[in-house]
Amino acid sequence: MFKICKSKENGEPTAAGQVKIKKRSKVPGVMITQYAEELPQGMATPDFTRKPIALTIQEGKLAVFRAVVTGNPEPTVTWSRNNGEVNGAGNMMVYDATAGEYQLQMPDVTADQADTYKCFARNEYGKAVVTATLNIIEVGFKKSKAMQESRTAVRETPEDFKKALRNKVDTEAKEDTKPEIDERFWELLMSADKKDYESICAQYGVTDFRGMLKKLSERKIEREYEQQRVVERLCNLKPIELKQDGDAEFELEMSLKDPSSKIFLFKDGVMIPYEMDTDVKHGLKQVGKKFVFRINGVDPDDAGLYQVEVDGVKIFSTDFKLPPVDFLVKIKDVKAEERQDAVFECVLSQPLKKLKWMGKNVPLEQGEKYDISVSEDMLIHTLVVKDCLLLDKGIYAAVTGTNSCNAWLVVEADKDPDTRGKKKVRKTTRAGGGGVDLLKIAEEQQAKIQMERETLIANAKAEAEARAAAAATEAAAAEAAATDVADAAEAADAAEAEAKPEAKVQKEARAKPKPKAEATAKTKERVEVGDGADEAEEIPVVEEEDEKEHLQDEAPAEEADAEEEEPAKERKKRVRTGPLVADTVIDPGVYFTGALSDVTAVIGADAQLVCRLSSEDCDGVWYRDGKLITASEDISIVKDGSYRKLIVKNCTEDDAGKYRCEADGRKTEAVLSVEDPPRMNPDDLSEFIKPVVIKAGKDAAFKLSFVGREPMKIQWYNEGEELLEDTHIKIEKSSSHSRLALLKCQCKITGEIKIKIKNECGTTEAITQLVVLDKPTPPLGPIDIIEASASCVNFKWRTPKNDGGCPITNYILERQQIGRNSWTKLGKVGPEPKYRDADVDHGRKYCYHIRAETDQGISEMMETEDIQAGTKAYPGPPSTPKVESAFKDCINLAWSAPTNTGGTNLLGFNIEKRKKGSNLWGHVNPPHEPIREKKYAAKDVVEGIQYEFRVSAVNVSGSGEPSSPSEFVCARDPKEPPGKVIDLKVTDSTYSTLMLGWTKPTEEEGVRDEAKGYFVELRPAENPEWGRCNSTAIITTSYNIMGLKSMAMYWVRVLATNEGGDGEPKELNNYIIAMPPPVRPQFTDKKTKNFIVMKAGNSARVNFNFRASPIPVIKWLKDGHPVAKHVTVSNTDTSSQLMIPTAERHDTGIYTIIVRNLVGQETSSVEIRVTDDPKPPGPVELEENVSGTVTVSWTASPDEKKDDRLHYVVTKRDSVKRSWHTVADHLFNNKFTLINIMPGRQYTFRVYTKNDMGLSKPSESTAWEVKGIKEKFSLKLPATKSCSFETPPSFTVPLKTHKSPESYECYMSCAVTGNPKPRVTWYRNNVSLNTNANYYITNTCGVCSMVILTVGPKDSGDYTAVAENPLGRTQCSTKLVVQGKNTLAAP
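Residues numbered from 1 in each chain as written. Predicted model: local features only at pLDDT ≥ 70, side-chain atom pairs only at ≥ 80, totals over all residues. Heavy atoms only, no water.

Draft legend 1. Representation of the environment of F688 within the structure. Structurally, the position occupied by F688 is in helix α12 (residues 682-688). Residue class for F688 comes out buried when judged on its relative accessible area of 5%. Placed 16 residues apart in sequence, F688 and L704 show a C-alpha to C-alpha distance of 6.8 Å. Beyond its immediate sequence surroundings of up to four residues, F688 is in contact with F702, K703, L704, W716, I755, A766, I767 and T768. (Helix = DSSP H or I, 4+ residues; strand = E, 2+ residues; numbered from the N terminus. Buried < 20%, exposed > 50% of the residue type's maximum accessible area, 1.4 Å probe, protein only. Contact = heavy atoms within 4.5 Å.)

Here is the structure:
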């Protein structure tokens, strides 16, 4: 079922006659291509019901992609990857029949396997493709791989050293080759800003910036040249961005040369279907030249590289990466009572519009059983399991791409004995949920996410606010200095009132409402001045709950104003001379009791904005976009009691904006939106909806006028199917009307004609009917026979599929009797689709032609199947004839009468015979003289010929069906039974089969005839009866008995048979046991690991394959003792597997498998070492015990007692070399002394813990330095004496004896000293060699050497080097032995 293929960038070629239709799948991210325009009934294109998801796992782990596909016929599933082959590194393609899953398993994944993988599902009607990304988390030290390479390394011999050097040089040269840069890198750069180049290069590991820029400019020139073919202008490219509502979008502006050019969207190289609607998963919104692509409900699978292409030319590329979504609060186990609701809640680290909920490994959807909700900030996700039953118990999970969390739902049964056996009442309480803490965590996270954005906004608004407040204060101070205290107070208030709107605008978005008690306290402050006649100015604010809902921005602004007014109030206070008033009267002033609401109006219609004040006397002032509005012909300002209305007549697009009504310092705002949806001309619409009736072959036209904002999308439909232009369909479109022309109309297009007009403001439709008059189609079959008797035939049929636009007036029939050539016209039978024919003969068959008639003509005829007038009852077949005896001139037959006689008495029987090898049956008795008895002697036979016979019964209706033929019988005198088979033996056996072989018995004339076949009989040891293994005789001399019970005992015998009967059986001398031939256990694995290192927490598996018979007994031991209970052992007939689900350190040991059966036993062992990443050692201390040395000591690692192979590594760095060097390894104690410590240098030491998993983090020491002691340098020179350095020559390194193979080089060297420099002379057999060109002699700095380039037999002898100078002479000798070819081959 699996195939492996490489990823193809280009599409597959389409066969002749095939098409490629793109379809949408219910599963997001799946692309379906259909090859046929119409699928046969019951057939379906491939699709994914479960697609593989993206994986992010650690290096060395097992990665598994899972997919479930559907389709008819069953699709073939293949896998590929973008870069590289899939069939490497031990990858396996597996089909799990129990779960219906196709799996791609990648064990021990490495970093180079990180890629985008594709899964294809194909059948003859189409294909489906989906992508998934594999991300690998790399680890630092690959110990296991290094150990494996060291164990399997092959030692090199000296003879291969030169060859190895060449190979090494070639390998290193290949490794220096620069890897190719991913094509995604260039796609991103060509659509990115220059400021993003550095981050993209860092992401893809590109360091050659100069080369990158050069190649990028070349690619941009090529891309611009390609884009000029389809695009006139391209600008304002905005990369993809994640919005606050959980959706993502990117946009660009472009002018297409051909408006009909097709725009394609790709994700990671796979085309994604989209619609011109932003409400679907992938949508495109076009406004003029601006294209906005939107992804609704972003989930982790939407991450990838998105590309926009126009007619095959790449236009724009952008990479979409989602921030990792983690669970701040995971779902918790819920314990609910029966018929109670259960609540699971979780909090995410990033906003996510939709979370995937799973229940018992099944995706959950919103419905009657489950309620799935998301908070406004998209951080809290809730799943409510309604009306819990006992069946709902299980594990529920929340999945966000690669991260997930799960919890148990435990449903407790109702233990109330009164409700037992009765339907439980549903409870209104809920179990589970996160409560207030969950909301608090979500609020904190939301504040954390928006902190940076709010900080920037707050800083900008604070600056504007400070400037406005400073201006207002300066104005108030200037006014106060020119007037008295009362006038100054009024001037200050006036100045603050002027600055108030500007300050409010700056504070509205930032200021938050204060608690109600504080606001009330501030609004109730009141200061009275004077003697009661005058009251100090104040701004009272009394707000009710409903006011706060409509005037959300009013209270913060007034509180801010109140704070600014406090200094002014202090200046306005005067000492009261009159008595204090006991109760202060609070006047709230005029305020809005009903705020403005946003209004949407259609262009050309009237729009009305209404608000309500608390007083009828106060006038309202209206503003639009901050500008004052006055009454005019197009604008009416109405004062209706406490209501204030603004009526905009005949709205235009210029009237849209933000409207504000102000009264007594209060204000309320609303937005007026003016839309221009498509609208149809009423006169044209009334004319359009009238049905159009035409005759077949004529033209039909439909036209409709409309108005609306451009651009508008116009679509025409016929019976729900969109009409596209072709030879018979012409569509005209403009900004004001559209016309549909249908040329040479056929009857099949009769039906509903609909026009649909859509723009960004709305959609409108109009429907009419088209009736095409034509002659009807033929009536439909098959016919339904109501009655078919000897006297009449009554049947009915179905009306035509299309009546041609007119009702059926008549059906015209004609009849033919089967066997005749003429047709009889029956005439018109009326509009009812049925007919009763009484003019029939019993037993005859008739065929009818039926035509439909309307006012438009007569249809083609429909021909019925044959109808028989009354049926004849023939007898059934007799039993198979039995051969009672056979002779050379006569064969005696017997049979039984049929159970079905046809309702009448049988007249007799007819017998037929056929020779073996012939196809013709011949009558034995004359057909008109049936045989009365149920036996007969057939005498018309020839001796030695084989015959078979069949019998048929005869009644008044005629001869019935014949019986089954008899066995072949030979016309000859009876034979004698055969003898016993010879040499019966068992040739092979297994646990369920037994193969027998024998030799045919001997013949003896008149006593034993030739055997024609054999029967094999079997008897279990506990059963006294024999049973035949073959129902018919076999002609071969071997037989395979199947279906035996393993290790059971059986008796077997074989008997021969012929026409004379069965011979005597031949039985085996002893019983047979159903088992293979005995085999001593032996292991079949050629290479088995005897040492395995595992990391704690991982699962360990050890598998041994063996061959043994009978089935052996398998036993596992750990260090000589039985394995622990948590160790799982799985055995089959040929293998055994030991698995430790979660290995711990105490599982370390030697595991031994013992395979034993009746023949013998075999053992094998493997050592499993379970360890973990080592923990670093404790603090490092330095101490100088001996001058010039330093002793490094440290506290033992916590893992030292747990791991006996743990040791330490010490590294050093000094202030001169400034690089770390290993100074000690494989230390099993906690102390190390380093020598050669140089004074004046600073030394730093690091100690690592090392085990089979690798190195730990280091423990570093403090800097160590030995201060150098500077002593005063003094030099006392002794009296100089003349000395002579002349010395006689002497050999410090003498010559060595040499044995050299023939034809090789020989190199002799020695060292000589002397002053003056001695002269060296070489001799062979006392003959000087210094002038011989066959010897290369050198003397460099006292090292004298001689090279014999090609050693031959003549070079054997004594060699002497003589050194002499004026002070003396010395010599050194050696001997050279040349080994010939015969000498080398002798050992």
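More follows now that the structure is in view.
Draft legend 2. Structural context of the state of the cysteines. Following the criterion strictly, the structure yields zero disulfides and no others. C611 carries a free sulfur, and the closest cysteine sulfur to it, the one in C661, is 3.8 Å from it. Assessed through its relative accessible area of 2%, C611 is described here as buried. The closest cysteine sulfur to the non-disulfide-bonded C1372 is located on C1310, 6.0 Å from its own sulfur. For C1372, a relative accessible area of 9% puts it in the buried group. (Disulfide = S-S within 2.5 Å.)

Draft legend 3. Region of interest: the pattern of salt bridges. Per the stated rule, a full pass over the model turns up 44 salt bridges. Ionic pairing is found between K1012 and E1010, a salt bridge with its closest N-O pair at 3.7 Å. Take E1010: its relative accessible area is 32%, and that puts it in the partly exposed class. For K1095, the salt bridge goes to D1173, with nearest N and O atoms at 3.3 Å. You can see K1095 sitting in strand β75 (residues 1091-1095) and its partner D1173 sitting in the loop between β82 (1161-1171) and β83 (1180-1183), a full 78 residues away along the chain. (Salt bridge = Lys/Arg side-chain N within 4 Å of Asp/Glu carboxyl O.)

Draft legend 4. Inspection of the side chain of E853 at higher detail. Along the chain, the position of E853 falls in strand β53 (residues 845-854). At a separation of 3.3 Å, a polar atom in the side chain of E853 contacts the side chain of K828. Those residues in contact with E853 that lie beyond four places of it in its chain are P807, I808, T809, N810, I812, K828 and I858. (Polar contact = N/O pair within 3.5 Å; in protein donor to acceptor, adjacent residues only side chain to side chain.)

Draft legend 5. Quick peek at the packing of aromatic side chains. Considering all chains together, one arrives at 21 aromatic pairs under this definition. With 5.3 Å between their ring centres and 80° between their planes, W797 and Y811 make a pair best called edge-to-face. Residue W797 is located in strand β49 (residues 793-798), and its partner Y811 is located in strand β50 (residues 810-817); the two are separated by 14 residues in the primary sequence. We note that W797, like Y811, is buried. Pairing W1051 with Y1071 gives two aromatic rings, centres 6.1 Å apart and planes at 75°, and the pair type is edge-to-face. Placement of W1051 in strand β70 (residues 1049-1058) and of Y1071 in the loop between β72 (1066-1067) and β73 (1072-1073) is noted, with a sequence separation of 20 residues between them. (Phe/Tyr/Trp six-rings, centres within 6.5 Å; stacked < 30°, edge-to-face > 60°.)

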